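Here is how the chains run, residue by residue.
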Amino acid sequence: MININNRLKTVASFVLESDAKFIIDVGCDHALLDIYLFQCSDKLKIVASDINEGPLLKAEENLLKYSCFNKIKLEKADGISNINDNTDTIIISGMGMENIIKILTQDKSNISNVKRLIISSNNKYEILRFKICNLGFYINKEKIIYEDGKYYIIIEFIKGNSKYTKKEFYFGPCLLKNKDKLFYEYYLEMKNIKEQILNSIPIVYKEKRKLLIKEIKMLILETS
Ligand SMILES: C[S@@+](CC[C@H](N)C(=O)[O-])C[C@H]1O[C@@H](n2cnc3c(N)ncnc32)[C@H](O)[C@@H]1O
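Residues numbered from 1 in each chain as written. Predicted model: local features only at pLDDT ≥ 70, side-chain atom pairs only at ≥ 80, totals over all residues.

S.K.: Can you explain the overall build of the protein? Please cite residues and give values.
M.R.: Scanning the protein from terminus to terminus reveals nine helices and seven strands. Radius of gyration (C-alpha) of the protein: 19 Å, near the 17 Å computed for a compact globule of 224 residues. For the protein, the proportion of its 224 residues judged to be buried stands at 33%. For the protein, long-range pairs separated by at least 24 residues make up 68% of all intrachain contacts whose partners lie at least 6 apart in sequence. (Helix = DSSP H or I, 4+ residues; strand = E, 2+ residues; numbered from the N terminus. Rg over C-alpha atoms; globule rule 2.2 N^0.38 Å. Buried ≥ 20, exposed ≤ 12 C-beta atoms within 10 Å, placed from the backbone. Contact = placed C-beta atoms within 7 Å.)

Dropping the structure here:
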C-alpha cells in the first residue's frame, strides 16, 4: 500500500466512506491520493487532473511505479473544465480558498450533476463554507487534523440546502456539534492569534478592534 500523509488519508477516508463512484481529483499533483484510493477500492473511476505539466509528469511516473497507469485517467485541465457528466464527486485538496472557489465557479454548469465536494483548503474556512453553501451544497462531514505544525479542516459538501448561523460558518456545523480535542486546540490557537493581532491594533481603530473583540469573545465561549 502506498504511503500518504495523514491529511490525504483523511480526504481518502471521506471518499471511501461515501457512495462516490466517479471522481475527479483537481490539482492532483503527484497523484498519490488517487493511487491510494485505487489501491483501497478498484471500483472507483478516478480522473486525476492538474493544470501544470510538472505535476502531471510526476503523476505519470507514480502511476507507472504503482502499476495503475491504465486504471487512473490523467488529464491536463484548468479546474473542472474537463469534468464529464458522470462525475459524482470532486476533490480539491491542498489549495487556498480563493483558488478553490474560482475553480468551482468558473462555469457553474460544470457542477450541476455533482453530488459531493471533498475539500481540503489551506485557509479561510469560514468564507469557504459560506461560498460553497451558496452554490447549493450543505456540510455533511468535517474533520480537523494536525500535521507538520499546521491544522487543516477537511470538509464534505453534499448537493442540497441547509441554513447555517454565522457561528456555524465560523466554527463548522459538524465540528461544533462534536467538539473533539483538536477542536479545542485549533480554536484556542486561533484565539491566541486574534489576541496578538488585537494587541497590535492602535486604540484609534475602534471599529476594527470592536469586531476582533467580538470574535475573541466567541472563541473564548466555544473553547471554555
Ligand atoms: C499544493 S498542490 C496539492 C496537491 C494535492 N492535491 C494535495 O492535496 O496534496 C496544488 C496543485 O494544484 C494544481 N492547481 C492549481 N491551480 C489549478 C487549477 N486551476 N486547475 C488544476 N490544477 C490546479 C497545482 O499545479 C498543484 O499541482
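S.K.: An account of the site of the ligand is needed here, citing residue identities and associated values.
M.R.: Contacts to the ligand come from 17 residues, most closely from Gly27, Asp29, Ile51, Ser93 and Gly94. Counting only elements with at least two residues in the shell around the ligand, the list comes to strand E4 (89–95) and helix H4 (97–105). Sort the elements by how many residues they give to the shell around the ligand and E4 lands first, with three residues. When the residues that make up the shell around the ligand are grouped by side-chain class, the tally is seven nonpolar, seven polar and three charged. (Near = placed C-beta within 6 Å. Nonpolar A, V, L, I, M, F, W, Y, C, P; charged D, E, K, R; others polar.)

S.K.: So what's going on with the pairing of strand E3 (residues 72–76)? Residues and values would help.
M.R.: Two strands pair when backbone bridges link them, and strand E2 (residues 45–50) and E3 are joined in this way by five bridges, in the parallel orientation. In the strand pairing of E3, serine 49 is matched with glutamate 75. A crossover connection joins E2 to the parallel E3 through helix H3 (residues 53–65); in handedness this β-α-β unit is right-handed. (Pairing = 2+ DSSP bridges. Right-handed = clockwise from strand over helix to strand, strands pointing away.)

S.K.: Could you give me a rundown of the packing of helix H1 (residues 6–16) against helix H2 (residues 32–40), with the residues and numbers involved?
M.R.: Packed helix pairs are specified by the crossing angle of their axes together with the interaxial distance, meaning the distance between the axes. Running from N to C, H1 and H2 point in directions that differ by 45°, and their axes come no closer than 10 Å. The angle between the axes of H1 and H2 places the two elements in the oblique class. For the element pair H1 and H2, the recorded crossing hand is right-handed. Here H1 contributes Leu8, Val11, Ala12, Val15 and Leu16 to the contact with H2, which in turn contributes Leu32, Leu33, Tyr36, Leu37 and Cys40. In terms of residue class, the contact of H1 with H2 is built from ten nonpolar, no polar and no charged. (Axes fitted to C-alpha atoms, helices over the stretch in contact; angles between N-to-C directions. Parallel < 35°, antiparallel > 145°, perpendicular 65-115°, else oblique. Left-handed = near helix turned anticlockwise from the far one by under 90°.)

S.K.: Give me the lowdown on the sheet that holds strand E5 (residues 116–121), citing residues and values where you can.
M.R.: Spatial ordering of the open sheet is given by E3-E2-E1-E4-E5-E7-E6, a layout of seven strands whose pairing is mixed. If you trace the sheet from one side to the other, it starts and ends with E3 and strand E6 (137–147), each paired once. Strand-to-strand twist of the sheet, defined as the mean angle between neighbouring strand axes without regard to direction, takes the value 15°. With five bridges joining them, strand E1 (residues 22–26) and E2 adopt parallel strand pairing. Its bridge partner lying in E2, isoleucine 24 is registered against valine 47. Along the sheet face, H3 touches E2 and E3 and points at about 165° away from the line of E3. This element, helix H5 (residues 125–133), spans E5, E6 and strand E7 (150–159) of the sheet and lies at about 155° to E6.

S.K.: Outline H2, supporting the account with residue identities and numerical values.
M.R.: By the criterion of burial, H2 is predominantly enclosed, with seven of the nine residues buried. Listed as buried for H2 are Leu32, Leu33, Asp34, Ile35, Tyr36, Leu37 and Phe38.

S.K.: An account of the environment of glycine 172 is requested, with residue identities and associated values reported.
M.R.: Along the polypeptide, glycine 172 turns up in the loop between helix H6 (166–171) and helix H7 (173–177). Looking at glycine 172, the number of C-beta atoms within 10 Å reads 23, which means it is buried. The spacing of glycine 172 and lysine 143 is 29 residues in sequence and 9.4 Å in space, taken between C-alpha atoms. Filtering out sequence-adjacent residues up to four positions away, glycine 172 remains in contact with Tyr125, Arg129, Ile139, Glu142 and Ile153.

S.K.: Describe the nonpolar core, naming the residues involved and giving the relevant values.
M.R.: In this structure, Val11, Ala31, Ile90, Leu117 and Ile119 are the most contacted members of the largest nonpolar core, which totals 55 residues. In terms of residue count, H2 provides more of this core than any other element does, six residues in total. Shared between two domains, this core takes at least three residues from each, and those domains are domain 1 (6–163) and domain 2 (183–223). Beyond its immediate chain neighbours, meaning those up to four positions away, isoleucine 119 contacts Ile92, Ile100, Leu128, Ile155 and Phe157. (Core = buried A, V, L, I, M, F, W, Y, C linked by C-beta atoms within 7 Å. Domains from an automatic or database assignment.)

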